[in-house]
Amino acid sequence: MDIENGLKVLAVGDPAVYAYTDSRFSLIEKFNKTRGVKVEFNIVPFDRYYETMMSTFNGEQDYDIVMVAGHLWAKDFINQGFLAEVQYPSTKEYNREDILDVIAGEMVVDGRPYLYPSFCDGHIFLYRKSVVSRVMNEQLSDVVDTDTILLLAEKCDRVDNMRAIALKAHQSEIFLDFLPYLRNEAIDAFDITSHAPSFNNEKGIIALKKYNSLKKYAPEDTHTYGNDEVRVAFQKKKVALTVTWGGQLGVVLNDRCLDIEDVGFAAIKTAWNVTWSFAISQRCKNKKLANEFLAYITSSEVDRIVGGYAGSPVRKSTYVKDAEKYRWYDTHLKLIEKYAKPLPMMDRAGEKMAPLYDYIYKAFTGELDAGEALAYAEVKVKSVVN
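Below or above, wherever it landed, is the structure these notes cover. Each chain carries its own residue numbering, running from 1 in the written order of its sequence. Only residues with pLDDT of at least 70 are given local features in this predicted model, and only at 80 or more are side-chain atom pairs given and counted; all residues enter the totals for whole chains, interfaces and linings. Hydrogens and waters are ignored; side-chain quantities use all the structure's heavy atoms.

The residue aspartate 160 is not glycine, and still its phi comes out positive at about 55 degrees. Elements are defined by DSSP. Helices are runs of H or I of four residues or more, strands are runs of E of two residues or more, and each kind is numbered from the N terminus. Relative to the helices and strands, aspartate 160 is located in the loop between helix H7 (146-156) and strand E9 (163-166). For aspartate 160, a relative accessible area of 44% puts it in the partly exposed group. For aspartate 259, which is not a glycine, the phi torsion comes out positive at approximately 50 degrees. By secondary structure assignment, the location of aspartate 259 is in the loop between helix H11 (249-252) and strand E11 (263-268). Only protein chains enter the area calculation, which uses a 1.4 Å probe; residues under 20% of their type maximum are buried, those over 50% are exposed, and those in between are partly exposed.

Counting residues in each nonpolar core, the largest one holds 149 residues, and the members touching the most others are Phe125 and Phe293. Take this core: its biggest share by element is nine residues, from helix H16 (residues 349-364). Note on contacts: a residue pair qualifies if any of its non-hydrogen atoms lie within 4.5 Å across the two residues. Leaving out residues up to four positions away in the same chain, phenylalanine 293 has contacts with Leu7, Val9, Ile28, Phe31, Val39, Phe41 and Ile65. Only buried Ala, Val, Leu, Ile, Met, Phe, Trp, Tyr and Cys residues count toward a nonpolar core, and they belong to the same one when joined by side-chain atoms within 4.5 Å.

To continue, consider the packing of helix H2 (residues 27-35) against helix H12 (residues 287-297). Across the interface, H2 lies against H12 with an axial gap of 11 Å and an inter-helix angle of 135 degrees. Judged on the interaxial angle alone, H12 and H2 are oblique. Crossing angle aside, the handedness with which H2 passes H12 is right-handed. Contacts between H2 and H12 involve Leu27, Ile28, Lys30, Phe31 and Arg35 from the first element and Leu289, Glu292, Phe293, Tyr296 and Ile297 from the second. Any residue outside Ala, Val, Leu, Ile, Met, Phe, Trp, Tyr, Cys, Pro, Asp, Glu, Lys and Arg is labelled polar, Gly included; the first ten of those are nonpolar and the last four are charged. Grouping the amino acids of the contact of H2 with H12 by side-chain chemistry returns seven nonpolar, no polar and three charged. Only the contacting stretch of a helix is used when fitting its axis, a line to C-alpha atoms as for every element, and angles between N-to-C directions run 0 to 180 degrees. Here the word oblique covers every angle except those under 35 degrees (roughly parallel), over 145 (roughly antiparallel) and from 65 to 115 (roughly perpendicular). Each helix crossing is assigned a hand: it is left-handed if the near helix lies turned anticlockwise from the far helix by less than a right angle, otherwise right-handed if that turn is clockwise.

Take the packing of aromatic side chains next. Aromatic rings from Phe, Tyr and Trp, with only the six-membered ring used for Trp, were paired whenever their centres fell within 6.5 Å, and each pair was classed as stacked if the ring planes differed by under 30 degrees, edge-to-face if by over 60, and tilted otherwise. Applying the stated criterion to the full structure yields 29 aromatic pairs. When the ring centre of tyrosine 63 is taken as reference, the NZ or CZ atom of lysine 8 above it lies at 4.8 Å. Each ring is checked for a lysine NZ or an arginine CZ that lies within 6 Å of its centre and within 35 degrees of its normal; such an atom marks a charge sitting over the ring. A cation over a ring is seen here: lysine 215 above phenylalanine 364, with NZ or CZ 5.3 Å from the ring centre.

Any carboxyl oxygen of Asp or Glu within 4 Å of a side-chain nitrogen of Lys or Arg constitutes a salt bridge here. All told, the structure shown has 19 salt bridges when counted by the stated rule. Between glutamate 292 and arginine 35 there is a salt bridge whose closest N-O contact spans 2.3 Å. In this pair, glutamate 292 is assigned in helix H12 and arginine 35 in helix H2, connecting sequence segments 257 residues apart. Glutamate 292 sits in the partly exposed class, given a relative accessible area of 28%. Among the residues examined, arginine 35 registers a relative accessible area of 34% and is labelled partly exposed. Here aspartate 330 and lysine 334 are joined by a salt bridge, their closest N and O atoms 3.5 Å apart. Placement of the pair is aspartate 330 and lysine 334 together in helix H15 (residues 329-339), with a separation of four residues, close to one helical turn. Take aspartate 330: its relative accessible area is 48%, and that puts it in the partly exposed class. Residue classification places lysine 334 among the partly exposed residues on the basis of a relative accessible area of 31%.

Let's shift gears to helix H3 (residues 46-57). An expected span of 1.5 Å times one less than the residue number is assigned to each helix. Here H3 spans 17 Å end to end across twelve residues, near enough to the 16 Å set by a 1.5 Å rise per residue. Of all the positions in H3, only Tyr49, Thr52, Met53, Met54, Ser55, Thr56 and Phe57 are classed as buried. Residues of H3 that are buried make contact with strand E1 (6-13), strand E2 (38-45), strand E3 (65-69), helix H4 (70-79), strand E4 (83-84) and strand E12 (273-281). Positive phi appears at glycine 59, one or two residues downstream of H3, with a value of about 85 degrees.

Sequence spacing of aspartate 160 and alanine 354 is 194 residues, and the spatial spacing of their C-alpha atoms is 38 Å. In protein, a polar contact requires one atom able to donate a hydrogen and another able to accept it; more generally it is a pair of N or O atoms within 3.5 Å, and residues adjacent in sequence count only if both atoms are side-chain atoms. A polar side-chain atom of aspartate 160 sits 3.0 Å from a polar atom in the side chain of arginine 134.

A few words now on H7. Restricting attention to buried positions, one finds in H7 the residues Thr146, Ile149, Leu150, Leu152, Ala153 and Cys156. For H7, the angular spread of buried residues about the axis comes to 165 degrees, placing them on one side. If you check the start of H7, you find a side-chain oxygen 3.3 Å away from the backbone N of aspartate 147, and it comes from aspartate 145. Here, the arc refers to the directions that run from the helix axis to the C-beta atoms.

Encoded structure:
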C-alpha cells in the first residue's frame, strides 16, 4: 500500500461498525473519493478481535488504525507504546465540545488525547411491556436493579409461550453480562485504587448464584448466546426480557422486531459502559491522514448515522435532534450520564479479566460451583499481577 494515499483500519465485528461499510451510507467511499485516497476498512468478529489487534501491535499485521474498547484497554496499550497521541481538529465543524462530557473524558489518558469515540456499549434492559404490566400490575420504571430482573424472570417465564430471559452467556461475553449482578451486592470486580481482585467473597458468591439462577428461565442454549443470538431471541418473541448493549439497540429494534411498539427500555442501576473508539497505531506511517479520516468518521453528521443504525451515539446534538425518532435515546443518555460506571483503567486489563470469563462460564455451565469458580479466578488474576 502507498502510505501517502491509503490507510488500513482494523474494526471490531459489532453491529455499529457495519454502518461504516453499509452501501446505503457509503461513508468510506465518500472519504476516499473526496481525498483521492484508499481507506481499507476490515471488520473482524469479536471472538477473534483481540488476538488480531495484538498481532497488529506486534508488527505481524499492518494496520494504521485500530478500534479500542475505551477505558478497558487504553491505558495498557499506551503504556506499552502501541498507540499514538491523536490531534483533534479545532474547527467549528468538528465541535469537540459536542461530545458527551463523560465520553470525552474516556478519550484522554494522563491528560493526553489518544482516542476518537465511535459508539457506546452499556447495559440496557429490554422487555415486553404487555407481559411485564400483566405480571407486575404496574409499569416498569426507566431504571431497574438486578433483583428486579430476577423477580421479573420468575414471573414472566412461559407467559405467552415465551421463556423469560435471554442471557448473553457465551464464554466470550459472560463476565460483563454478570457484572451488574456483582455490583448489585455492593462490590466490584476490581478495587478502584489498587486494582486488586475484589470479587472472591461471600457477596461475590451470592451474586454469581443469583446470575446462575436465571438459567432455569432462559432458553436451554443461552450459554451459547452472544449479541446476535440475544437479538434474534428477543426480536422473534422467544423471550420476554433481555439485557443487551446500547450499541445493539438500533439492530434489535429494526423492522425485524415483532410488535416493536410493545418493547420497553430501562437503564440498569449497576451498569457498565465502554466507548468503543478509534486509535492510531504507533506504527502508522501517515498519522496526519489518519487524524483527518478519524475526524471525518466521528463527525456530528456521521454520529447521527451510526447512532440510528446501532443505537448509541456519542454526541449531545444527536440525542437532541433525533430524540423523537429513536425512542430509546432518552434512556440511553441517562445510562451513560447517570448510572453506568467504568471498570478501573488497569495495566494488562485483558489478561486480568480473562480468568473471570473462563471461570464464571464454568460455574454457569455447572462444571464448578460459584465459590470454586471465583476462588480459581482470583488465583489466576493474581498470577497475572505477580
